[in-house]
Amino acid sequence: MALFRCLAIALALSFSSCYLSTPSSATPSDGFLQCLSEKIPSELIFTPDSINFNGVLVSTIRNLKFLTNTTVKPICVVTVTDASHVQAAIRCGRMNSVRLRVRSGGHDYEGLSYRSVRSEVFGVVDLAKLRAIAVSTDEGVPMAWVESGATIGELYYTISKNNPEVAFPAGTCPTVGVGGHFRGGGMGMLLRKYGLSIDNIVDAKLVNANGDLLDRMAMGENLFWAIRGGSGESFGIVVSWKVSLVKVPSKVTVFNIAKKLDQGTIEILTKWQDVAPTLPSDIIVRVIVQGQQTIFQSLFLGTCDELLPIMTSRLPELNVTKADCSEMSWLESVAFINFGNNDTAALLNWSSTGASAFVKIKSDYVRHAIPKSAWQKIFSWFRMNGAGLVILDPHGGFIDTIPAGATPYPHRSGVLYNIQYIAFWPSNDDGSTAKSWVNNFYDFMGQYVTKSPREAYLNYRDLDIGKNVVVNEVSMFDSGKVWGKKYFGGNFQRLAAVKRAVDPTDYFRNEQSIPPLP
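Positions within a chain are numbered from 1, following the residues in the order the chain's sequence is written. Local features in this predicted model are restricted to residues of pLDDT 70 or higher, and side-chain atom pairs are both shown and tallied only at a pLDDT of 80 or more, whereas totals for entire chains, interfaces and linings draw on every residue. Side-chain metrics in this entry use all non-hydrogen atoms of the structure; hydrogen atoms and water are not considered.

Novice: I would appreciate a short explanation of the overall build of the protein chain in the present structure.
Specialist: Think of it this way: any DSSP run of H or I at least four residues long counts as a helix, any run of E at least two long counts as a strand, and we number them from the N terminus. Tallying secondary structure elements over the protein chain gives 16 helices and 20 strands in all. To get the radius of gyration, use the C-alpha atoms; to get the globule rule, take the number of residues to the power 0.38 and multiply by 2.2 Å. What you see for the protein chain is a C-alpha radius of gyration of 23 Å, in line with the 24 Å of a compact globule of 518 residues. Taken along the three principal axes of its C-alpha coordinates, the protein chain extends 75 × 50 × 45 Å. When the 518 residues of the protein chain are sorted by exposure, 60% land in the buried category. Each accessible area value is a Shrake-Rupley result obtained with a 1.4 Å probe; residue values ignore everything except the protein chains displayed when judging cover. Accessible surface, the protein chain: about 18900 Å² in total, of which carbon and sulfur atoms supply 52%. For the purpose of counting charges, residues Lys and Arg are taken to be positive, whereas Asp and Glu are taken to be negative. His and the chain ends are not included. All charge positions are set by atom: Lys at NZ, Arg at CZ, Asp at CG, Glu at CD. Of the side-chain charges in the protein chain, 49 are positive and 45 negative, and the distance between the mean point of each set is 4 Å. For every residue, the accessible area (1.4 Å probe, protein chains only) is compared with the maximum for its type, and the residue is labelled buried under 20%, exposed over 50%, or partly exposed between those bounds.

Written out as structure tokens, the structure is:
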């Protein structure tokens, strides 16, 4: 159970036009590091020669499988403390043909915020020291500016301590960095009531490929649209976000109910598929399947007495009773869902939670309920060697009312639920059994999930569904379509058009970054 608690502008200048002249014996890396040292305090720059380089690099790596000697590592990590440092790093990188990757919380499931699959020279801009949060009121509406290096746990804690009846819709893992979370959508326990994180972002400050710091007005609506769920790191480095906060009652209700096979879990789960997305939007009931049991985990924005008649009417098979319910503040519910207790201070504990597991993640969306006979087959997979778990997050409610093109996240109307597949293994195992299990199980599930494209969630990044092909230093659009349509559906071409407008030379690039539209 511990694993799933924390498993989750102007045209750019070409390299040639802004390449910094260096002596013939010098390399682009030398020029880049020299440039950084002239513009950014030396104590914020870590190279492989630095005593603390490995400690800084590893500090927020969450997936142990990327801590190997074969992992392609950066030539430096810049631990910025101000937006001006981000601007300087980008300008130095552009002048010296050194690309940058950006890391906020280190939860990228494929590690692309701090490593490269290809052999290439790159630096990392680490935003972990940019974590300020300022809560305010704008014409009576509660708002907050949050820097990209803050964790969502810190965001939750800060806004709730300011007003316990105010919240923000985002994920369930408190150590996830805000910057990375918002770049892909931001799915959590409030999605049925208030949508995704990106549905509640009203402004942002981004440093573009020219090193210019832009707010929403300066960047324009196309770029602002793209960075909210459209692989934001493909377009620049977002240093902070302005979010609209949401109302929650003083008391909410949670429950965790486990059902084994002989307790009717298949029958309940089969019905849950149609019931969960159509419940009142104040209720979310998500599912965790592991071994031969299912855990039904719920958050209700109200009291137990209000919840029980609804559940008895809509899903009587679950047999929710008053004894199953716990009433608490919304902030306490966040801690309860993650830790099994109400210790809200633990939401601030980010520094001691570095690499924690060897994992492989995949994702799907379901638009048509899976029949009961199929669930019987599905449960047989959880008796196999290497079996992991799956988390099912229902949609419906508010998220269902937003047009697919309103943000880059297209998985809206008609989606019943999202599936997150999680395989994990210990350090004394090569992971082959667990990885084989998740890959084969994913293949088996293909008959029951969305098709053409087989939809996937960007924040559950999976390089198995496709990687960019780079030609003449630019990612090719056709190779990007292979994976891009799965994450973004019909929004992928618009994202590529924005990329062409703001970063045509593909400076901000990784194995699944948005390619420029040709």
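Still more to cover.
Novice: Sorry, what's going on with the pairing of strand E5 (residues 133-138) here?
Specialist: Note on strand geometry: in a regular strand, side chains alternate between the two faces of the sheet. Relative to strand E6 (residues 141-147), E5 is paired through 6 bridges, and the arrangement is antiparallel. Of the residues in E6, the one forming a bridge with Thr 137 is Pro 142. Counting the residues that bridge the hairpin from E5 to E6 gives 2 residues, and of these Glu 139 lies at a positive phi of roughly 55°. Between any two strands, at least two bridges found by DSSP are needed for them to pair.

Novice: Is there a simple way to explain the state of the cysteines in this structure?
Specialist: Such a bond, covalent and formed between the sulfur atoms of two cysteines, is termed a disulfide. Pairs of cysteine sulfur atoms within 2.5 Å are identified as disulfides in what follows. In total, this model carries 1 disulfide according to the counting rule given. Disulfide pairing is shown between Cys 35 and Cys 92; the S-S distance is 2.0 Å. Taking the sign of the S-S torsion, -75° for the link of Cys 35 and Cys 92, the bridge is left-handed. Of this pair, Cys 35 sits in helix H2 (residues 28-39) while Cys 92 sits in helix H4 (residues 83-95); the two residues are 57 residues apart in sequence, bridging distant segments of the chain. Taking relative accessible area as the criterion, Cys 35 reaches 5% and is therefore assigned buried. No disulfide involves Cys 76; its sulfur sits 9.7 Å from the nearest other cysteine sulfur, which is in Cys 92.

Novice: I would appreciate a short explanation of the UniProt feature "domain: FAD-binding PCMH-type" (unreviewed entry) in the protein chain in the present structure.
Specialist: Within this structure's numbering, the places UniProt gives as "domain: FAD-binding PCMH-type" (unreviewed entry) are residues 70-248. As annotated, residues 70-248 comprises 26% helix and 26% strand, and the C-alpha atoms at either end are separated by 47 Å. UniProt positions are given in the numbering used here, feature names are shortened, and annotations may be inferred rather than shown by experiment.

Novice: Hey, could you run me through the side chain of Glu 120 in this one?
Specialist: For Glu 120, the position within the fold is in the loop between strand E3 (99-103) and strand E4 (122-126). Pairs of N or O atoms within 3.5 Å make up the polar contacts considered here, provided that, within protein, one atom can donate a hydrogen while the other can accept it, and that residues adjacent in sequence are counted only when both atoms are side-chain atoms. Here Arg 509 takes part through its side chain, which lies 3.1 Å from a polar atom of the side chain of Glu 120. Whether two residues are in contact is decided by their heavy atoms, any of which lying within 4.5 Å being enough. Residue contacts for Glu 120: discarding those within four places in its chain leaves Val 72, Arg 101 and Arg 509.

Novice: Explanation requested: the environment of Ala 226 in the structure shown.
Specialist: Position of Ala 226 relative to the elements: it lies in helix H9 (residues 221-227). Residues Ala 226 and Asp 364, 138 residues apart in the sequence, show an inter-C-alpha distance of 22 Å. Sequence-distant contacts of Ala 226, that is, excluding residues within four places in its chain, are made with Ser 231, Phe 235, Pro 408, Leu 495 and Val 498.

Novice: Explanation requested: the sheet that holds E5 in the structure shown.
Specialist: Across a sheet, paired strands are connected by hydrogen bonds in the backbone, their directions being either parallel or antiparallel. Read across the open sheet, the 5 strands follow the order E5-E6-E10-E8-E9; overall the sheet is antiparallel. Either end of the sheet is taken by a strand with one partner, and the two such strands are E5 and strand E9 (213-214). One ladder, built from 5 bridges, connects E6 with strand E10 (residues 237-244); its direction is antiparallel. When the sheet's bridge partners are listed, Ala 144 is paired in E10 with Val 243. Between N-to-C directions, angles cover 0 to 180 degrees, with each direction set by a line fitted to C-alpha atoms, over the stretch in contact for helices. Contacting E5 and E6, helix H5 (residues 152-162) runs over the sheet at an angle of about 45° to E5.

Novice: Explanation requested: the domain arrangement of the protein chain in the structure shown.
Specialist: Often the size quoted for an interface is simply the accessible area lost on bringing the parts together. What counts as a domain boundary in this text is fixed by an automatic or database domain assignment. Annotation of the protein chain at the domain level lists domain 1 (28-126), domain 2 (130-249 + 329-349), domain 3 (251-328 + 355-465) and domain 4 (468-517). The C-alpha centroid of domain 4 is placed 22 Å from the C-alpha centroid of domain 1. Facing 13 residues of domain 1, the contacting portion of domain 4 comprises 11 residues. Defined here as a combined quantity, buried area equals the accessible surface (1.4 Å probe) lost by two parts on assembly, summed across both. Carbon and sulfur atoms supply 45% of the area buried between domain 1 and domain 4, which totals about 1100 Å² over both sides. Salt bridge, as applied in this entry: a Lys or Arg side-chain nitrogen positioned within 4 Å of an Asp or Glu carboxyl oxygen. Linking domain 1 with domain 4 are 4 salt bridges, by the criterion used here.

Novice: Is there a simple way to think about helix H14 (residues 432-445) in this case?
Specialist: Residues separated by three or four positions in an α-helix point in the same direction, a consequence of the helix having 3.6 residues per turn. For H14, which comprises 14 residues, the first-to-last C-alpha distance of 20 Å matches the rise-based estimate of 20 Å (1.5 Å per residue) to within 8%. Turning to H14, its buried residues are Ala 434, Trp 437, Val 438, Phe 441, Tyr 442, Phe 444 and Met 445. Taken end-on, H14 shows its buried residues confined to a sector of 160°, consistent with a single buried face. On its buried face, H14 sits against strand E16 (358-366), helix H13 (372-381), strand E17 (389-394) and strand E18 (417-425). For a helix, the expected span equals 1.5 Å multiplied by the number of residues minus one. Taking the helix axis as origin, the arc is that swept by the directions to the C-beta atoms.

Novice: Honestly, unusual backbone geometry in this entry has me stumped. Any pointers?
Specialist: For the bond from Ser 452 to Pro 453, the omega torsion is 5°, close enough to zero to count as cis. Its location among the elements puts Pro 453 in the loop between H14 and strand E19 (470-471). Here the phi dihedral of Glu 139 falls at roughly 55°; this positive angle occurs in a residue that is not glycine. Relative to the helices and strands, Glu 139 resides in the loop between E5 and E6. Classification of Glu 139 as exposed rests on a relative accessible area of 81%.

Novice: Looking at this structure, I do not really get a nonpolar patch on the surface. What am I missing?
Specialist: Judged by side-chain polarity, Val 469, Val 471 and Met 476 come together as a nonpolar surface patch covering roughly 210 Å² of accessible area. On the secondary structure map, Val 469 appears in the loop between H14 and E19. A relative accessible area of 44% places Val 469 in the partly exposed class. Surface patches are drawn from residues lacking salt bridges whose relative accessible area is over 30%; two like charges belong together within 9 Å, two nonpolar side chains (Val, Leu, Ile, Met, Phe, Trp, Tyr) within 5 Å.

Novice: What is the right way to read helix H16 (residues 492-502) from this model?
Specialist: Regarding H16, the residues found buried are Phe 492, Leu 495, Ala 496, Val 498, Lys 499 and Val 502. Angular distribution of buried residues about the axis of H16 spans 160°; they occupy a single face of the element. Packed against the buried residues of H16 are H9 and helix H15 (477-488).

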